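Chains, contacts and geometry: an overview
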Amino acid sequence: MARIITALVAGLIFGLGLAVAGMTNPAKVLGFLDFAGDWDPSLAFVMGAGVIITFIGYRLVLAQPRPVLAEKFQIPTRKDIDWNLIGGSAIFGIGWGLAGYCPGPAVSSLVSGATPVVLLVVSMLVGMLVVRVIKARG
Amino acid sequence: MSQFLLPTLGGALIALSSIIMMAMLGRITGISGIVGGLLPPAPARGADAAVRVAFIVGLLAGPLLLAVIAGNNGIGAPIVELPMMIAGGFLVGVGTALSAGCTSGHGICGLSRLSPRSFAAVMTFMATGIVTVFVVRHLL
């Protein structure tokens, strides 16, 4: 139960952060990606503040022997840069640039109930499902 | 100045969430991974699934909390037509599943861990995102 409440609170803070930051406003996101137009650099501060604070926080947290509510830290260990990583990231960037939604803001924006957002999220889930099925078949 | 204040505050909240997830549950906070892990063919079950669903419920409640605090939920209307929304969503799903991460998992958490894979991922999706907006807005 403690783990579920933790995840709920963390999700709430994350969703609040996205909305405060302007990440749930696709006009702002596409303005940030529009270097050749009227470029809006403000969303760089989301990534900047997010990375700097998380960098410091992770240093403190990972110095502990284990997480408070779990057996061990689950940290990705892969170091290789492969085609799935680069090709997948390239495809993700194209999708992000087309509509202005990355996964977190897409999910958070569902509470607006707007049909186009629902369809975007359904399409996203279908895309994830297709890749998961193909990956599972090896 | 104020136009950078809210993005900085938002980034700090996202960082706080990521730090809580690592400190308490030992987990990277990647939204595409949290959501994708609930899908077939090998969906998370039991306690793992409950944690993922709880995070997603929180994510949905975030804008509602902002509406209570500030009187505005911060959600902007879509600005592209439906076919672009559907294509965009599908490509985001395929891409993040292939590369195992998005703006949060690779962007916030990966860069904070100084992961070379995440640096490569972020450089790539920023580049293709910028090129896509350039092509759609200035060439087509």
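Report follows, based on the coordinates. (Residues numbered from 1 in each chain as written. Chains lettered and ligands numbered in written order. Predicted model: local features only at pLDDT ≥ 70, side-chain atom pairs only at ≥ 80, totals over all residues.)

With that out of the way, let us pick up the overall build of chain B. When helices and strands are tallied, chain B shows six helices and zero strands. Traced from its N-terminal end to its C-terminal end, chain B shows the element sequence α-α-α-α-α-α. In terms of principal-axis extent, the alpha carbons of chain B reach across some 50 × 40 × 30 Å. The buried share of chain B, taken over its 140 residues, is 54%. At a minimum sequence separation of 6, the contacts of chain B that also span at least 24 residues come to 39%. (Helix = DSSP H or I, 4+ residues; strand = E, 2+ residues; numbered from the N terminus. Buried ≥ 20, exposed ≤ 12 C-beta atoms within 10 Å, placed from the backbone. Contact = placed C-beta atoms within 7 Å.)

Bringing the overall build of chain A into the picture now. Helices and strands together make up the secondary structure of chain A, namely six helices and zero strands. Along its sequence from the N terminus, chain A presents helices and strands in the succession α-α-α-α-α-α. C-alpha atoms of chain A, sized along the principal axes, occupy 50 × 40 × 30 Å. Split into buried and exposed, the 138 residues of chain A put 53% on the buried side. Across chain A, contacts joining residues at least 24 apart in sequence account for 39% of those joining residues at least 6 apart.

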